[in-house]
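One-letter residues, chain by chain:
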There are 2 protein chains.
Amino acid sequence: MNKEPLSIRRILGGFFLLLAMFLSPVAQAQTLRGTGDLGIVIERVTGEVLIVETTHQTILGKVSGLGDLSHATAVFSRDERYAYVFGRDGGLTKIDLLKGKMVKRVMQSGNSIGGAISQDGRLIAASNYTPGGVKIFDADTLALVADIPAFYGNKGKRSKVIGLVDAPGQRFVFTLYDAGEIWITDMRHPAKPKIIKFKNIGRLPYDGLITPNGRYYIAGLFGEDGMALLDLWHPDAGIKRILPHYGRGEKKMPVYKMPHLEGWTKAGNQLFVPAVGHHEVLIINANTWREAGRIAVHGQPIFVMARPDDRQVWVNFAHPLNDTVQVIDVPSRKIIKTLKPGKAILHMAFTPRGEQIWISARDSNRVDIYDTASMTLVKTLPAHAPSGIFFSARAHKIGL
Amino acid sequence: MNKEPLSIRRILGGFFLLLAMFLSPVAQAQTLRGTGDLGIVIERVTGEVLIVETTHQTILGKVSGLGDLSHATAVFSRDERYAYVFGRDGGLTKIDLLKGKMVKRVMQSGNSIGGAISQDGRLIAASNYTPGGVKIFDADTLALVADIPAFYGNKGKRSKVIGLVDAPGQRFVFTLYDAGEIWITDMRHPAKPKIIKFKNIGRLPYDGLITPNGRYYIAGLFGEDGMALLDLWHPDAGIKRILPHYGRGEKKMPVYKMPHLEGWTKAGNQLFVPAVGHHEVLIINANTWREAGRIAVHGQPIFVMARPDDRQVWVNFAHPLNDTVQVIDVPSRKIIKTLKPGKAILHMAFTPRGEQIWISARDSNRVDIYDTASMTLVKTLPAHAPSGIFFSARAHKIGL
């Protein structure tokens, strides 16, 4: 009688041990959920990322150890489960949004400025300042697939690379800042990238964008006025210079912060564009590529973003006027709302169908969520010095 | 000594019972996966639905018991986890794509023709023939939220409802076939739907569509030539009649199958439209709403679908020429490929970024997957008399 209870205790012990083992997957099973409403918020000071969801507007988790996240951007896997975060320090980090943890992190360069994911979702490309070039990785493993140094001229120099985007046909398009060149890389055969180079596109291109259908690639120039346009349906036609009056202008206005061309936006046939160094949003006719109007705004615009239904354009501004967001009504071209959401408004992101917009107020340590129909605050989430906000729906879009 | 082993056996029995209980969630944990690459294929003869994924192009599961699925369509929850399938018999079925099973099914009418999901994802609307009207359900529970009978005239008659779509601002737009009316329902306050009615839009409207940005709603007319256009940004301007020569024409060509207006497609500023009763695809200028050209094709077009980058338009055809798919190159307006993918090509769906297209060949019992750049077959999946193919990325789109 003395032995048996012990044996029962042992059995019970083993039982609870096994129970504990299975409880862990059970906890995991609770995270069984869709990923179409997920997103991340960059906390750049601490090198952390918040995982958020837009259905109930909550924070699901936090991932640490991402290094220098100033100017960080992100793309998402085609199943919307993984985020790939490009840090300023050259770190490329793959995050599992469902498990709320880092899957893999590689230091792929010394200084990086953004990235893209291929049309089929199998390749991740990062554009680098130091050493200048583009590196392309396997999206599953982050193993290096191709290294494309941005050599130019005949002295073996490497250029900084900016304005990297994906384009249909498994291509990446990017711009060489120092060289003044645009390159198209065809990655249909990853071991043998095919590169087409366009030279003399203009002086000091500082950023590039691609239209939402992936047809037109445009580089902005810092060294002179005007922009460089490439029609990817007709690359043989070469570079066309457009908007000769777009730029810093004769007066060489001080530019507090270069606007992001990714912040350009297409609403119908019109592009809404931050005017460099001016308190204006420019409207460009996307058929003729000529200026079609200007809207006076609060400050130097940084991000100029169209609501997914094209009806509104939301604008934030450069320091020191960065406490303000303005909303433009597209058909009337009038400012219909001026909001003061907080201190240092760095970024904005619309929910996929545009009913809400998330706004990061870095120096107020929060993310504000607005209803876009009423333009009123719906909810506030705490965040530590938030900057970029990226939703998983980007996975389904061309050129992000 | 005789009693104790029994007690141990009992404990062991309880242990294995509990183990089995926990093994079930463990199996569930294995299905932890993203939902951005999921989709469904309708097997209409057996009332079943295949769950598929587009990353590795595989079938993940099958759900049975969905009733009459002829003409079935589907929308997806904003997290891309759930599909809502609208059956012809009035059945509305909510499917959990992750668990591969039915969550809920309601018989919401006697005869139904499609549905939509609200901008915020909280409401599901179904358009019904019998009894004529629209019913609106809570997306979580499928509980009835609003019942909108389509009464018209002064004799208490109810009209069949067709062309139901969602529009920005938490609205649904739909058309009354017998009444010749278009209604807008504002569901911002679900308990108090606000309805605006547009009367005398034309005789026997047979289907409706909304442009991808949710601005223009267009109804096709079976009873006369021309179409009815409503600008949802300016509803006060009322209905405008457009395309006076669009329709069956003077000769009243036999129409084997009414084209789906959902199959209309916008590529840049152009709409590509199946010509009713003719072997032609019409091109409409979306600025002027005038005809901008015609392309001779193999048969009477049914679905006319633009690849997400607008470069190609894929077309399938009505019986008896429904063994063919043609690909139009948008800039040259030329047919660049004629494919014979199988017998009775009923539907097509592009992957979100357009690198592949899935094609259902009903009478060949398979779904064929083509690479859209090379227009070659990549893979074939077995399916029992497949019809509609719907991918979860629809969740992020307006008007689906």
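Residues numbered from 1 in each chain as written. Chains lettered and ligands numbered in written order. Predicted model: local features only at pLDDT ≥ 70, side-chain atom pairs only at ≥ 80, totals over all residues. Heavy atoms only, no water.

Engineer: Would you take a moment to explain the overall build of chain A for this structure?
Structural biologist: A count of helices and strands for chain A gives one helix and 34 strands. Within the span of chain A, comprising 400 residues, buried residues form 60% of the whole. Across chain A, the fraction of contacts at a sequence separation of at least 24, relative to all contacts at a separation of at least 6, is 42%. As displayed, chain A offers around 15,500 Å² of accessible surface, 53% of which is attributable to carbon and sulfur atoms. (Helix = DSSP H or I, 4+ residues; strand = E, 2+ residues; numbered from the N terminus. Buried < 20%, exposed > 50% of the residue type's maximum accessible area, 1.4 Å probe, protein only. Contact = heavy atoms within 4.5 Å. Areas by Shrake-Rupley, 256 points an atom, 1.4 Å probe, with all protein chains shown as cover.)

Engineer: Would you take a moment to explain the pairing of strand β29 (residues 334-339) of chain B for this structure?
Structural biologist: Along any regular strand, the residues point their side chains to alternate faces of the sheet. Where strand β28 (residues 325-329) of chain B meets β29 of chain B, five bridges bridge the pair, whose relative direction is antiparallel. Paired with Val 325 of chain B across the strands is Leu 339 of chain B, a residue of β29 of chain B. (Pairing = 2+ DSSP bridges.)

Engineer: What exactly am I supposed to notice about the packing of aromatic side chains here?
Structural biologist: Two measures describe an aromatic ring pair: the distance that separates the ring centres and the angle between the ring planes. Counted according to the given criterion, the structure contains nine aromatic pairs over all chains. On the basis of an interplanar angle of 90° and a centroid distance of 6.3 Å, the ring pair of Trp 314 of chain A and Phe 350 of chain A is categorised as edge-to-face. Highlighted residues: Trp 314 of chain A in strand β27 (residues 312-317) and Phe 350 of chain A in strand β30 (residues 345-350), separated in sequence by 36 residues. Of the two residues examined, Trp 314 of chain A and Phe 350 of chain A, each falls in the buried class. Judged by centre distance (5.0 Å) and plane angle (70°), the ring pair of Tyr 216 of chain B and Trp 289 of chain B falls under edge-to-face. You can see Tyr 216 of chain B sitting in strand β19 (residues 216-221) and its partner Trp 289 of chain B sitting in the loop between β24 (280-285) and β25 (290-296), a full 73 residues away along the chain. The same class applies to Tyr 216 of chain B as to Trp 289 of chain B, namely buried. Lying across the ring of Tyr 82 of chain A, Lys 94 of chain A places its NZ or CZ 4.5 Å from the centre. Above the face of the Tyr 129 of chain A ring, Lys 160 of chain A is positioned so that its terminal group lies 5.1 Å from the ring centre. (Phe/Tyr/Trp six-rings, centres within 6.5 Å; stacked < 30°, edge-to-face > 60°. Lys NZ or Arg CZ within 6 Å of the ring centre and 35° of its normal.)

Engineer: Hey, could you run me through the pairing of strand β30 (residues 345-350) of chain B in this one?
Structural biologist: Residues and elements named next belong to chain B. Most of β30 is tucked away, with five of its six residues classed as buried. Two strands pair when backbone bridges link them, and β30 and strand β31 (residues 356-361) are joined in this way by five bridges, in the antiparallel orientation. Following the sheet pairing, Ile 345 is matched in β31 by Ala 361.

Engineer: Can you help me understand unusual backbone geometry in this one?
Structural biologist: With the exception of glycine, most residues fall at negative phi, and the peptide bonds are largely trans. All names here are of chain B. Residues Thr 130 and Pro 131 are joined by a peptide bond in cis, for which omega reads -10°. Of note, Pro 131 is situated in the loop between β9 (123-130) and β10 (133-138). With an omega of 5°, the peptide bond between His 319 and Pro 320 qualifies as cis. Structurally, the position occupied by Pro 320 is in the loop between β27 (312-317) and β28. You will see that Leu 142, though not glycine, has its phi angle at about 65°, which is positive. In this structure, Leu 142 sits in the loop between β10 and β11 (144-149).

Engineer: What am I meant to see in the sheet that holds strand β32 (residues 366-371) of chain A here?
Structural biologist: The strands that make up a sheet are held in pairs by hydrogen bonds between backbone atoms, and each pair lies either parallel or antiparallel. Residue and element names in this part refer to chain A. With antiparallel pairing, four strands are arranged side by side in an open sheet as β30-β31-β32-β33. On the outer flanks of this sheet lie β30 and β33 (376-382), each paired with one strand and no other. Each neighbouring strand pair of the sheet contributes to a mean axis angle of 20°, computed without reference to strand direction. (Axes fitted to C-alpha atoms, helices over the stretch in contact; angles between N-to-C directions.)

Engineer: Would you take a moment to explain the environment of Phe 222 of chain B for this structure?
Structural biologist: All names here are of chain B. In this fold, Phe 222 is placed in the loop between β19 and β20 (227-231). We classify Phe 222 as partly exposed; its relative accessible area is 27%. Sequence-wise, Phe 222 and Arg 333 are 111 residues apart; in three dimensions their C-alpha atoms are separated by 27 Å.

Engineer: I keep staring at the sheet that holds strand β5 (residues 82-86) of chain B and nothing clicks. Help me out?
Structural biologist: All names here are of chain B. Spatial ordering of the open sheet is given by β4-β5-β6-β7, a layout of four strands whose pairing is antiparallel. Only two strands of the sheet have a single neighbouring strand rather than two, namely β4 (73-76) and β7 (101-107). Adjacent strand axes in the sheet meet at a mean angle of 20° when their direction is disregarded. Pairing of β4 with β5, which is carried by four bridges, proceeds in the antiparallel orientation. Across the sheet, the residue bridging to Val 75 is Tyr 84, located in β5.

Engineer: Honestly, the side chain of Asn 316 of chain B in this entry has me stumped. Any pointers?
Structural biologist: Residue and element names in this part refer to chain B. With respect to the helices, strands and loops of the structure, Asn 316 is situated in strand β27. When its relative accessible area of 0% is taken as the criterion, Asn 316 is described as buried. From its side chain, Asn 316 meets the backbone oxygen of Leu 346 in a polar contact 3.4 Å long. Apart from residues no more than four positions distant in its own chain, Asn 316 is found in contact with Gln 300, Pro 301, Ile 302, Phe 303, Thr 324, Val 325, Ile 345, Leu 346, His 347 and Met 348. (Polar contact = N/O pair within 3.5 Å; in protein donor to acceptor, adjacent residues only side chain to side chain.)

Engineer: In this structure, what is going on with the pattern of salt bridges? I would like to understand it.
Structural biologist: For side chains bearing opposite charge, pairing can occur when the charged atoms are close. Scanning the entire structure with this criterion turns up 38 salt bridges over all chains. Across the pair Lys 62 of chain A and Glu 48 of chain A runs a salt bridge, and its minimum N-O distance is 3.3 Å. Taken together, the residues span a long stretch of sequence, with Lys 62 of chain A in strand β3 (residues 58-63) and Glu 48 of chain A in strand β2 (residues 48-53) at a distance of 14 residues. In this structure Glu 48 of chain A comes out as buried when scored by relative accessible area, which is 15%. Residue Asp 329 of chain B pairs with Arg 311 of chain B through a salt bridge whose shortest N-O separation is 3.0 Å. (Salt bridge = Lys/Arg side-chain N within 4 Å of Asp/Glu carboxyl O.)

Engineer: What exactly am I supposed to notice about the environment of Gly 132 of chain B here?
Structural biologist: Position of Gly 132 of chain B relative to the elements: it lies in the loop between β9 and β10. The spacing of Gly 132 of chain B and Val 161 of chain B is 29 residues in sequence and 5.9 Å in space, taken between C-alpha atoms.

Engineer: What's the story with the side chain of Asp 329 of chain A in this structure? I'm lost.
Structural biologist: Residues and elements named next belong to chain A. Position of Asp 329 among the secondary structure elements: in strand β28 (residues 325-329). Residue class for Asp 329 comes out buried when judged on its relative accessible area of 10%. Polar contacts involving the side chain of Asp 329 include one to the side chain of Arg 311, which spans 3.0 Å. Non-local contacts of Asp 329, meaning those with residues more than four positions away in its chain, are made with Arg 311, Lys 334 and Ile 336.

Engineer: For this particular structure, what's the right way to read the confidence of the model for chain A?
Structural biologist: Where the model shows low pLDDT, its predicted coordinates should not be examined in detail. Residues and elements named next belong to chain A. Mean pLDDT for chain A: 90, with 88% of residues reaching 70 or above. Low pLDDT, under 50, characterises residues 1-5; the predicted model gives this stretch three contacts beyond four residues in sequence or across chains. The model gives residues 17-29 a pLDDT under 50, and that stretch makes 17 contacts with residues more than four places away or in other chains. Confidence estimates for the predicted assembly give a pTM of 0.91 and an ipTM of 0.90. (pLDDT = per-residue confidence, 0-100.)

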